[in-house]
Amino acid sequence: MKLIYSKVDKNMFFPDPYEAPDDYPLAYGGDLSIDRLLFAYSNGIFPWYSEGEPILWWSPNPRMVLFPSDLKVSRSLRKVIKNKGFEVKFDTNFEKVINMCATVYRKGQDGTWITPEMIEAYVQLHKAGFAHSVETYLNGKLVGGLYGVSIGRTFFGESMFHLVSNASKVAFVYLVERLKKWQFDMIDCQQSSQHMANFGAVEIPRNKFLDILKSSVKKPTLVGNWNNPREIILNV
């Protein structure tokens, strides 16, 4: 299998995701350093594993994505956004959001893949300006949110949680509206789910996803706190 090499560290590489298995890890091992995570995401690869396992790296086929202009918001959710009294903020409590994503129970989910090692890695990625959170508050209390990684004009969604009905959905809608303004190309939803399909996300062949991503990551990356970001061109 062909290998791809990082421009930052020539000793850092992955198998070519164009040739990766459809539903099996393309690699294992390595680390969760900032440089490796940025290199992986820029090439459509992400870590996903359980505690006690080696780090597993994935690039599934097909890939579910949401093109921001295709966002669908139900009438009932629009009413919630208008009338419920939620307040939505960006990048004000990343550590709390990722820890809540790791611990809040989800129906049908046994355990979590957000290990302490993953939490530490993404907190560092946030401090470096590449991982971001969207938080939903009700009466001053954090009741929902999500986090993900942003490179170029692609947002890679990681996880969300809610303590109050619809709180994470509200955060997601606010995120997409913000990404529309910033002319983002797509949101990577990673794996297919009816939840994301309800928002307008679709499955596309991995090759198409990687082609779009290759162009998208060359565009300026909005780094730092998303309340006042700055643009850089990322060389990965």
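Residues numbered from 1 in each chain as written. Predicted model: local features only at pLDDT ≥ 70, side-chain atom pairs only at ≥ 80, totals over all residues. Heavy atoms only, no water.

(A) Spatial organisation of the packing of aromatic side chains. This model, assessed by the stated rule, comprises 12 aromatic pairs. Taken together, a centroid distance of 5.7 Å and an interplanar angle of 80° make the contact between F94 and Y147 edge-to-face. A residue pair is termed long-range when its members are at least 10 positions apart, and F94 in helix α3 (residues 94–103) and Y147 in strand β9 (residues 141–151) qualify at 53 residues. Each of the two residues, F94 as well as Y147, counts as buried. Measuring from centroid to centroid gives 5.9 Å for F155 and W226, while their planes differ by 45°, and the two rings are tilted. (Phe/Tyr/Trp six-rings, centres within 6.5 Å; stacked < 30°, edge-to-face > 60°. Helix = DSSP H or I, 4+ residues; strand = E, 2+ residues; numbered from the N terminus. Buried < 20%, exposed > 50% of the residue type's maximum accessible area, 1.4 Å probe, protein only.)

(B) Broad picture of the pattern of salt bridges. Across all of its chains, the model carries 6 salt bridges by this definition. A salt bridge links R206 to D22; the shortest N-O distance between them is 3.8 Å. Of this pair, R206 sits in helix α7 (residues 206–216) while D22 sits in the loop between β2 (13–15) and β3 (27–28), and the two are 184 residues apart along the sequence. You can call D22 partly exposed: its relative accessible area is 41%. Salt-bridge contacts for R36 lead to D31; the nearest nitrogen and oxygen are separated by 3.0 Å. Among the residues examined, D31 registers a relative accessible area of 32% and is labelled partly exposed. (Salt bridge = Lys/Arg side-chain N within 4 Å of Asp/Glu carboxyl O.)

(C) Spotlight on the pairing of strand β6 (residues 63–66). Every second residue of β6 is oriented toward a common face, with R63 and V65 on one face and M64 and L66 on the other, all of them buried. Relative to strand β12 (residues 202–204), β6 runs antiparallel, the two sharing 3 bridges. Bridge pairing in β12 links M64 to E203. Relative to strand β11 (residues 186–190), β6 runs antiparallel, the two sharing 3 bridges. Bridge pairing in β11 links L66 to I187. (Pairing = 2+ DSSP bridges.)

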